[in-house]
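# A look at the structure
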Amino acid sequence: MRRRFITTTLLNILSTIWSLALSFPLTPFILHRLGTDAYGVWVLAMSFSVLSGYLSLLDLGVQSALVKMVAEHHARGEHDTLNRVISAGLLLFTGLGIFAALSLAAFTHWALVVVFHIPTEFQNTAKFLLSMLAIQTVIEFPGQIFAGVLEGLQHYPTIRAVDLIRYTIYVIAIWAVISLGAGLAGMGLVLLTVTVARAGVIAVLVWRALPQFRLILKPGVAVFHRIAKFSGQILVIRMSAFIYGQMDTLIVATLLTTTQLVEYDIANRIQMMVLLTLTFVSSQVVPAASQLLAREEQAGLQQLFLKATKWTAALSMPAVAAACILAEPFIAVWIGPTYRNAALPTQIFVAHLLFVALTAVGYNTMIGMGKIKVLTFIQIGTTTVLNLGLSIVLTLWFGVIGVVLGTLIGTALSAPLYLWLFLRELGLTWARLWGDVILKIYPSVGLFALGLYVGKQALMLDSLWKLGTFGLVCGILYLGLLALFGLDDDERHIIIGAIRRMRAYLRASEA
């Protein structure tokens, strides 16, 4: 399992680098070609997406339940039960997709311009974009079930390859439609097309991965009950995570204006870039924990938590430090000097990931183990309710900065509670966490951050080439420190072996 984790993590890193290389110039291109008002409308429309926007709330925890159940039944070879679980998920999500489409269409027609402060000249365009999203949801919801099946089977390279191809086509198409003058309407049509295509490809891949799969139109009440029992607990977490993740956009759009979403979106995009580093490892944890629990391997669960948390901190902490320290020069050369005011919100927003880096793996481990109740209590009580209240009050006082301050404070207060829960459920001690994770990683990260700060003060980082070269040099030095002091001998051997296999695969592909 450790070998698969490391190999998949390396693939995730490489594909993320490619995705960032594609998307990096896209944001300033859209912003400068369409203007801040149009860009703010695009940000608002995308906040309704199925994957990460308001419509994700209608997931009801079903996909997470499906990932866990697919992993368990596939590990036991229970093919008939597996078919029933997948079929039940498809039926549920087909109905949810239709309901979501009708709800979004009704909201667009009657309430959109009443709820949000959208410039008059862009109101019809905003309605068109949300209409495209309504059509998209009918296909995207069932497509998420197939994606959940592949995740439960731990076919991460396949999922990553599909998403990488989809995003490459999406970026190229967005550049084309904007260059041709199609504007926001063209962007909406591109998004609809690539999303529907992705759902179709994922469905075909599931049938190839599970040739024994047969759609069962009546999977049985017991299967729906099992899904509902677990997803009902996940639903509370999903609702809390939805409020936590999407309320910032809603607060800014209602208390301020959609135009001010531009400053927030710049900070959020940088935060999302850094957040990707937390998913390299943690995204693999739910099905892995479910399999280990099914096999009653307590020691394996402990190792999963400690090792995956260490790797997550090792990969994410340098990105957090770089984003905080270099935010102002990065924004100036990426978007433009006039947007330097987004630097402080960016630094505050990214800082909350300091705490998430230590809790992301444990959070997914608890879901994989079905330990939901206390997780839900912490999620709602500190992360969401406190965050929501602080964000509203602080936004009224400080504008965009206030909404990200609420995120930072809520996350910081919840982190110790999460860690207490993880250690208790896994039978671990704080000393074990300190010795196996924190002391292995954080000294190297501290030296890396110090080097960044000194370099920023001494150098004129006024171009992307200078920033990139400086960051690359510091990153190489950090990797050297990590290899010497952060990794165990077996981890070094596995990484070297994985790199050699990837090189051999690339050479074979070229031949």
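To be clear, the structure that these remarks concern was listed above.
Summary of the structure given here. (Residues numbered from 1 in each chain as written. Predicted model: local features only at pLDDT ≥ 70, side-chain atom pairs only at ≥ 80, totals over all residues. Heavy atoms only, no water.)

Once that is clear, we can look at the overall build of the protein chain. A tally of regular secondary structure across the protein chain gives 21 helices and zero strands. Buried positions account for 53% of the 511 residues belonging to the protein chain. Within the protein chain, residue pairs in contact and separated by at least 24 positions form 84% of the contacts whose partners lie at least 6 positions apart. Roughly 21,900 Å² of accessible area belongs to the protein chain as shown, and the carbon and sulfur atoms make up 70% of that amount. (Helix = DSSP H or I, 4+ residues; strand = E, 2+ residues; numbered from the N terminus. Buried < 20%, exposed > 50% of the residue type's maximum accessible area, 1.4 Å probe, protein only. Contact = heavy atoms within 4.5 Å. Areas by Shrake-Rupley, 256 points an atom, 1.4 Å probe, with all protein chains shown as cover.)

Of all eight residues that make up helix α14 (residues 327-334), six are buried, and the element is covered over most of its length. Listed as buried for α14 are Ala 327, Pro 329, Phe 330, Ile 331, Ala 332 and Trp 334. Just downstream of α14, Gly 336 is the residue with a positive phi angle, here 145 degrees.

This next bit is on the side chain of Arg 198. Within the secondary structure layout, Arg 198 lies in helix α9 (residues 183-209). With near-sequence residues (within four places) excluded, Arg 198 lies in contact with Gln 144, Ala 147, Val 162, Asp 163 and Arg 166.

A few words on the packing of helix α13 (residues 298-325) against helix α16 (residues 353-369). Relative to each other, α13 and α16 sit at 150 degrees, their axes nearing to 8 Å. Accordingly, the angle class assigned to the pair α13 and α16 is roughly antiparallel. The element α13 and its partner α16 pack so that their crossing is right-handed. Taking contact as the criterion, the partners of Leu 301, Leu 304, Phe 305, Ala 308, Thr 309, Thr 312, Ser 316, Met 317 and Val 320 in α13 are, on α16, Leu 353, Leu 354, Ala 357, Leu 358, Val 361, Gly 362 and Met 369. Looking at the contact of α13 with α16, its residues break down into twelve nonpolar, four polar and no charged. (Axes fitted to C-alpha atoms, helices over the stretch in contact; angles between N-to-C directions. Parallel < 35°, antiparallel > 145°, perpendicular 65-115°, else oblique. Left-handed = near helix turned anticlockwise from the far one by under 90°. Nonpolar A, V, L, I, M, F, W, Y, C, P; charged D, E, K, R; others polar.)

Tracing the sequence through the fold places Ile 98 in helix α5 (residues 79-110). Sequence separation between Ile 98 and Ile 135 is 37 residues, and the spatial gap between their C-alpha atoms is 9.0 Å.

For the coordinates displayed, the defined rule picks out 13 aromatic pairs. With centroids separated by 5.8 Å and ring planes inclined at 75 degrees, the aromatic side chains of Tyr 363 and Tyr 418 adopt a geometry described as edge-to-face. Remark: Tyr 418 occurs in helix α18 (residues 400-426) and Tyr 363 occurs in helix α16; sequence separation between them is 55 residues. Looking at Tyr 363, the relative accessible area reads 17%, which means it is buried. Cluster of aromatic residues (ring-pair linked, three or more members): Phe 305, Tyr 363, Tyr 418 and Phe 422. (Phe/Tyr/Trp six-rings, centres within 6.5 Å; stacked < 30°, edge-to-face > 60°.)

Turning our attention to a nonpolar patch on the surface. Judged by side-chain polarity, Ile 98, Leu 102, Val 138, Ile 139 and Val 196 come together as a nonpolar surface patch covering roughly 390 Å² of accessible area. For the nonpolar patch, the secondary structure elements donating two or more residues are α5 and α7 (123-152). Along the chain, the position of Leu 102 falls in helix α5. (Patch = residues over 30% accessible without salt bridge, like charges linked within 9 Å, V, L, I, M, F, W, Y side chains within 5 Å. Salt bridge = Lys/Arg side-chain N within 4 Å of Asp/Glu carboxyl O.)

So, on to the environment of Thr 254. Along the chain, the position of Thr 254 falls in helix α10 (residues 221-255). Residue contacts for Thr 254: discarding those within four places in its chain leaves Val 115, Phe 116 and His 117.

Let us look at the nonpolar core. If you look at the biggest cluster of nonpolar residues, it comprises 119 residues, and the most contacted ones within it are Tyr 170 and Ile 266. No other element matches α7, which puts eleven residues into this core. When residues no more than four places from it in sequence are discounted, the contact partners of Ile 266 are Ile 331, Trp 334, Ile 335, Tyr 339, Ala 342 and Thr 346. In this structure, Ala 288, Leu 292, Leu 301 and Ile 367 belong to the second largest nonpolar core, which totals 35 residues. (Core = buried A, V, L, I, M, F, W, Y, C linked by side-chain atoms within 4.5 Å.)

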